[in-house]
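For reference, the chains in residue letters:
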Amino acid sequence: MRTSWLRPLVLIVAAVAVVLLASTYADAQCSMCRAALNSAANSRFIRNFNIGVLVLLVPPATIFCSIFIVLRRNREND
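Residues numbered from 1 in each chain as written. Predicted model: local features only at pLDDT ≥ 70, side-chain atom pairs only at ≥ 80, totals over all residues. Heavy atoms only, no water.

Asks: Would you mind going over the overall build of the protein with me for this structure?
Replies: In terms of regular secondary structure, the protein is built from three helices and zero strands. Along the chain direction, N to C, the helices and strands of the protein fall in the order α-α-α. Classification of the 78 residues of the protein by burial places 5% in the buried group. When the accessible surface of the protein is split by element, carbon and sulfur atoms take 69% of a total near 7,200 Å². (Helix = DSSP H or I, 4+ residues; strand = E, 2+ residues; numbered from the N terminus. Buried < 20%, exposed > 50% of the residue type's maximum accessible area, 1.4 Å probe, protein only. Areas by Shrake-Rupley, 256 points an atom, 1.4 Å probe, with all protein chains shown as cover.)

In structure tokens, the structure reads:
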């Protein structure tokens, strides 16, 4: 019973670690945002903008993963 939740948890942690370690520099901007920010001289603002865009990506990804997990659990019960 204990290993039923341990394996998915290990896979999730491993996937997050790979994503965080593999991406040295990720632009989370569309081309229009990048063009507007390239004219700005403040590099701290550009960095914070990139982080903000990535933070806004978390809720949709969480919702999608939650729906996928619920559907998978219901499929296994059938």
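Asks: Explain the environment of isoleucine 46 to me, please; I cannot follow it from the model alone.
Replies: Here isoleucine 46 lies in helix H3 (residues 43–77). The exposure class of isoleucine 46 is buried, given its relative accessible area of 19%. Separated by 12 residues in the primary sequence, isoleucine 46 and arginine 34 place their C-alpha atoms 9.0 Å from one another.

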